[in-house]
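# Architecture and fold: a report
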Amino acid sequence: MGELASNSSVYGPQAQAHILQYGESIELLVYNDNSKDHSLHLHRGEYQVVEVGPYGDAVANNHTAVEFQKSGPSPMRCDVVTVRAYSYIKLRFHVNRGMVALFHCHMMHGGYFGLAATFIAAPELLQKYVKVPEEAIRMCKLQGIKTSGNAAGNQGFDMTGLPPPILVNRDGCIGYGERVELFWDIGTLNISRDGYSTWKSICVNNAVPIPPVHVTQGDVLFLNVRNSLDTPTAVHAHGIYHNYTDYYDGAEMVTECGIPPGENFTYIIDTTDQVGNFWLHSHVQSQLTDGFRTPFIIHEKVKPVTYDEEKLLYFEDWDLRSFDDQMNIYSKLNAKKIPIAYRMLLVNGMNGNVTQPVVFEPGKRYRVRVVSLLTAFWLKFRMPGHTMHIIDQDGVACNPVEVDGLDLGPGQRFSILVTAHDTVEYNYKYNVTLYANFVNPLPGIIPRYYNGPIEYHQNAPLKHIPDVEDNQLLWSNTLDLQARDGMPLLPVDRQIVLSIKQFVPEFDTPFYSFGDYAYNHTLVPTLFTALSMGNLAFNSSIYGPQTQAHVLHYGESIEVLVYSDNLNDHSLHMHMGEYQVVEVGPYGDAVANNRPAVAFQRSGSAPMRSDVVTIRSYSYIKLRFRVNHGAIIFFHCHMIHNFKGLAVTFIAAPDLLQKHMKVPNEVIRMCKLQNIKTSGNAAGNAGFDLTGLPQPLLVNHG
């Protein structure tokens with residue numbers, strides 16, 4: 001399978017494959033909240049037995065509780081160890097050669113009942129050094145077993161013919177339920193969501209809010225979309241990798257053409273490699289702002305930490321009129337006199353001050369998923385009287401960190417652990433502050449303050465907790481977090497420097513850019529240009545100056561250095577993966593421009609990874625990621641500045657895209673219905689001929 005051998009998807013979901021790199025030191029953390037002991041065996045080597053401890057409630061299940069114990073400085077190595085019922089165990093080994101190592105229960109649970117996983121160690125070394133004897137091949141042929149291809153014996157990611165895996169879900173139930181099918185009819189509904197204004201909100205199946213989508217890791221979501229709007233639409237699964245299925249990324253005219261009015265299209269989203277808090281939203285102009293958004297939660301098969309129940313809180317900023325109505329007003333005004341649109345807050349779809357209570361039971365431990373679906377404003381979230389520990393951000397697990405509150409920009413998501421009080425004596429409130437640094441404070445208008453009930457008992461009095469100034473509290477900060485998997489700081493093979501610029505025309509809202517030109521769509525989706533232009537796909541010129549394209553090579557470690565001497569904060573989102581947040585610091589004169597100076601800070605040894613980060617005004621930020629597959633990576637501000645030009649495109653390993661991607665006919669049909677070309681350069685022409693491509697907007701330094 002060549003380079004694809006480093007992609008776990010080619011081994012099939014039932015192999016539970018994990019790709020290991022040469023030289024890595026691996027720790028296996030095995031949880032067992034099962035009533036049986038298990039004997040764990042690793043083929044092809046031994047592991048150090050490092051630690052054991054309790055997990056789950058052994059006593060309540062009539063088992064002896066396992067005591068915590070850690071090894072000495074020279075841990076014993078073995079290839080079989082027992083994990084007791086309701087316990088965990090930590091094992092470590094070093095990847096010192098290429099191999100395929102089966103890790104399984106050595107009882108009948110392993111060979112017969114599925115308790116196994118596969119470690120694919122240094123596949124590039126296997127390909128280089130292993131020559132399989134002809135007699136081994138003959139044994140396979142005698143049984144009609146293929147000896148090449150992916151898990152199904154096919155090319156690329158085509159798993160046709162592979163039997164469906166048995167899904168063991170988070171409730172312990174077994175079934176062939178990995179296909180999750182939803183039907184969305186996208187339309188509009190005249191409704192008041194904030195209690196103040198009534199206008200046409202985008203809806204699904206004639207209902208608002210759009211219901212959150214829940215799946216379990218390993219499920220495949222089939223999202224069948226009917227576009228009943230009078231304009232094209234598209235659905236972006238925010239935070240999802242889409243390994244070689246970029247055409248389902250939902251970025252209109254970047255990776256697809258969108259769904260024309262009156263048409264149907266199915267997005268297929270594989271959740272094999274991801275867990276956590278994500279969201280689904282439109283990537284077409286202002287549809288996100290007008291309500292086309294909802295959380296997308298991928299639950300772990302096994303809880304990463306112990307907790308009793310989950311709660312979901314998701315937040316939206318909401319205007320008093322539709323975005324297009326605002327733009328019509330603004331187009332008649334001088335841009336320097338455009339009024340600020342003061343937004344309201346929606347909590348779980350409706351007015352933030354009349355939302356349903358968060359119900360806590362005494363003594364229980366809760367995982368609270370906090371999801372920002374905001375488009376222009378930021379928010380601060382607190383639960384006074386309760387202790388909060390962050391355990392993940394943007395779908396990446398971190399070592400638990402205690403904070404007083406969460407500071408979330410547009411698109412950011414967290415999970416926190418909160419333990420309820422032991423009695424029902426009092427009820428409490430959570431606090432939300434909706435704010436933006438580009439808006440001057442106006443008492444009662446901005447910032448806006450919201451309170452929601454935390455209910456222990458319907459008739460309990462409210463606990464009074466004195467207010468504390470924000471600057472005395474410890475707020476969430478990505479640079480304070482460490483990735484739980486311990487992935488070290490990436491080296492830098494190449495640095496890409498982006499500088500946020502702003503241009504204010506006479507009659508319009510401001511335009512922005514990361515370079516000389518404001519981003520704008522081309523005549524051919526960028527993915528199709530990369531797929532159809534052969535070796536020229538490595539030349540950034542063919543993608544058009546308005547894409548601000550940067551071509552990346554497989555295996556490169558990229559550092560993106562972003563400067564902002566801009567008055568506004570910006571929320572930076574990367575499609576198709578995450579970046580390490582490495583460093584922030586001051587840039588320009590913040591104090592002279594009435595902005596707080598950003599202090600220098602650098603990440604720890606295992607930087608937190610995320611797909612959204614805030615760059616504050618008059619600061620810089622450094623982000624790093626590795627190119628580990630072919631992709632079209634859209635990097636943009638997740639505020640409305642996205643469709644006002646603040647975006648660039650990373651063309652990652654276009655040779656691998658051409659080698660491994662086959663675009664479904666239905667994707668092409670959506671383009672043909674709209675007379676959009678699916679080959680050629682940015683203008684749909686051959687070579688470097690960009691005739692017909694609209695002129696890009698040049699954004700200067702002021």
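Residues numbered from 1 in each chain as written. Predicted model: local features only at pLDDT ≥ 70, side-chain atom pairs only at ≥ 80, totals over all residues. Heavy atoms only, no water.

## Brief notes about the overall build of the protein chain
The criterion, for reference: Think of it this way: any DSSP run of H or I at least four residues long counts as a helix, any run of E at least two long counts as a strand, and we number them from the N terminus. In this description the radius of gyration comes from C-alpha coordinates, and the expected globular size is given by 2.2 Å times residues to the power 0.38. Burial classes: relative accessible area under 20% of the type maximum marks a residue as buried, over 50% as exposed, and values in between as partly exposed (1.4 Å probe, protein chains only). Contact criterion: two residues are considered in contact whenever any of their non-hydrogen atoms come within 4.5 Å of each other. Surface accessibility follows the Shrake-Rupley procedure with a 1.4 Å probe radius. Residue values consider only the protein chains on display as shielding. The positive count covers Lys and Arg only, the negative count covers Asp and Glu only, and His and the chain ends enter neither. By convention, the charge on Lys lies at NZ, on Arg at CZ, on Asp at CG and on Glu at CD.
Tallying secondary structure elements over the protein chain gives seven helices and 44 strands in all. Relative to a compact globule of 702 residues, whose C-alpha radius of gyration would be 27 Å, the protein chain shows 26 Å and is just as compact. Within the protein chain, buried positions represent 53% of all 702 residues. Within the protein chain, contacts between residues separated by at least 24 positions form 77% of all contacts whose residues are at least 6 apart in sequence. A total accessible area of about 31000 Å² is found for the protein chain, and carbon and sulfur atoms account for 51% of it. Charge separation in the protein chain, taken as the distance between the mean sites of 53 positive and 67 negative side-chain charges, equals 3 Å.

## As for the pattern of salt bridges
Rules: Salt bridges, as used here, are contacts in which a Lys or Arg side-chain nitrogen is within 4 Å of a carboxyl oxygen on Asp or Glu.
Across all of its chains, the model carries 31 salt bridges by this definition. Where Glu 263 meets Arg 669, a salt bridge forms, and the shortest distance between an N and an O atom there is 3.2 Å. Residue Glu 263 is found in the loop between β17 (235-238) and β18 (264-270), and its partner Arg 669 is found in helix α7 (residues 665-673); the two are separated by 406 residues along the sequence. Overall, Glu 263 belongs to the partly exposed group, its relative accessible area being 21%. Since its relative accessible area comes to 33%, Arg 669 is described here as partly exposed. For Glu 316, the salt bridge goes to Arg 293, with nearest N and O atoms at 2.8 Å. Of the two residues, Glu 316 sits in strand β21 (residues 309-318) while Arg 293 sits in strand β20 (residues 293-299), which places them 23 residues apart along the sequence. Take Glu 316 and Arg 293: they sit in the same class, and that class is buried.

## What about the state of the cysteines?
What counts, and what does not: In plain terms, two cysteine sulfur atoms within 2.5 Å form what is called a disulfide here.
Throughout the structure, instances matching the rule amount to one disulfide. Bridging Cys 257 to Cys 671, the disulfide has an S-S length of 2.0 Å. Because the sign of the S-S torsion sets the handedness, a value of about 95° for the bond joining Cys 257 and Cys 671 places this disulfide among the right-handed ones. You can see Cys 257 sitting in the loop between β17 and β18 and its partner Cys 671 sitting in helix α7, a full 414 residues away along the chain. Each member of the pair Cys 257 and Cys 671 is classed as buried. Cys 105 provides the cysteine sulfur closest to Cys 78, a residue in no disulfide bond, and the two sulfurs are 14 Å apart.

## Overview of the pairing of strand β33 (residues 494-503)
Side chains on a regular strand alternate between the two faces of the sheet. The test is simple: Strands were regarded as paired on the criterion that DSSP finds at least two bridges between them.
The pairing of β33 with strand β36 (residues 557-564) spans seven bridges and is classified as parallel. Of the residues in β36, the one forming a bridge with Leu 498 is Val 562. Bridge count between β33 and strand β34 (residues 511-513): three bridges; the pairing is antiparallel. Paired with Phe 503 across the two strands is Phe 511, which belongs to β34.

## Some points on the sheet that holds strand β1 (residues 17-20)
Pairing between the strands of a sheet is mediated by backbone hydrogen bonds and can be parallel or antiparallel. Definition in use: To get an axis, a line is fitted to the C-alpha atoms, and for a helix only the part in contact is used. The angle between two axes follows their N-to-C directions and goes from 0 to 180 degrees.
Strands sit in the order β1-β10-β9-β3-β7 across an open sheet of five strands; the sheet is mixed. Every interior strand has two partners, whereas the edge strands, β1 and β7 (80-83), have only one. The sheet shows a mean angle of 20° between the axes of neighbouring strands, direction not considered. Inspection of the sheet shows strand β9 (residues 99-105) paired to strand β10 (residues 116-121) by six bridges, in the antiparallel sense. In the strand pairing of β10, Met 99 is matched with Ala 121.

## Side note on the sheet that holds strand β35 (residues 549-552)
Spatial strand order, β35-β44-β43-β37-β41: five strands in an open sheet with mixed pairing. Lying at the two open borders of the sheet, with one neighbouring strand each, are β35 and β41 (612-615). For this sheet the average axis-to-axis angle between neighbouring strands, irrespective of direction, equals 20°. The pairing of β35 with strand β44 (residues 647-652) spans four bridges and is parallel. Bridged to His 550 within β44 is Phe 650.

## Some thoughts on a nonpolar patch on the surface
For clarity, the cut-off: Nonpolar side chains (Val, Leu, Ile, Met, Phe, Trp, Tyr) are joined into patches within 5 Å and like charges within 9 Å, using only residues with over 30% relative accessible area and no salt bridge.
Judged by side-chain polarity, Tyr 129, Val 130 and Val 132 come together as a nonpolar surface patch covering roughly 320 Å² of accessible area. Considering the arrangement of structural elements, one finds Val 132 in the loop between α2 (123-129) and α3 (134-142).

## Side note on the nonpolar core
Here is the rule: Side-chain atoms within 4.5 Å link the members of a nonpolar core, which is a set of buried Ala, Val, Leu, Ile, Met, Phe, Trp, Tyr and Cys residues.
Judged by nonpolar contacts, the single largest core of 94 residues is most densely connected at Trp 184, Phe 296, Val 562, Phe 625 and Phe 635. With six residues, the single largest contributor to this core is strand β43 (residues 631-637). Leu 345, Phe 377, Val 439 and Ile 454 belong to the second largest nonpolar core, which has 40 residues in total.

## Side note on the side chain of Ser 201
The residue Ser 201 is located in strand β14 (residues 199-204) in this model. Owing to a relative accessible area of 0%, Ser 201 belongs among the buried residues under this scheme. When near neighbours in sequence (up to four residues on either side) are disregarded, Ser 201 contacts Gly 187, Thr 188, Leu 189, Ile 191, Arg 193, Val 208, Asp 290, Gly 291 and Trp 318.

## What to know about the packing of aromatic side chains
So the rule is basically this: Here a Phe, Tyr or Trp ring, Trp counted by its six-membered ring, pairs with any other such ring whose centre lies within 6.5 Å, and the pair is stacked when the planes are under 30 degrees apart, edge-to-face when over 60, and tilted otherwise. Lysine and arginine charges are scored as sitting over a ring when NZ or CZ, respectively, is within 6 Å of the ring centre and within 35 degrees of the ring normal.
Summed over the entire model, instances satisfying the criterion amount to 21 aromatic pairs. Ring plane angle 45° and centroid distance 5.7 Å describe the contact between Phe 381 and Tyr 430, whose orientation is recorded as tilted. Placement of Phe 381 in strand β26 (residues 378-382) and of Tyr 430 in strand β31 (residues 428-435) is noted, with a sequence separation of 49 residues between them. Exposure class is identical for Phe 381 and Tyr 430. Each is buried. Of the aromatic side chains, those joined through ring pairs into one cluster are Tyr 247, Tyr 248, Phe 265 and Tyr 267. Here the guanidinium or amino end of Lys 380 rests over the ring plane of Tyr 435, the centre of that ring lying 5.5 Å away. Between the NZ or CZ atom of Lys 463 and the centre of the ring of Tyr 426, over which it lies, the distance is 4.7 Å.

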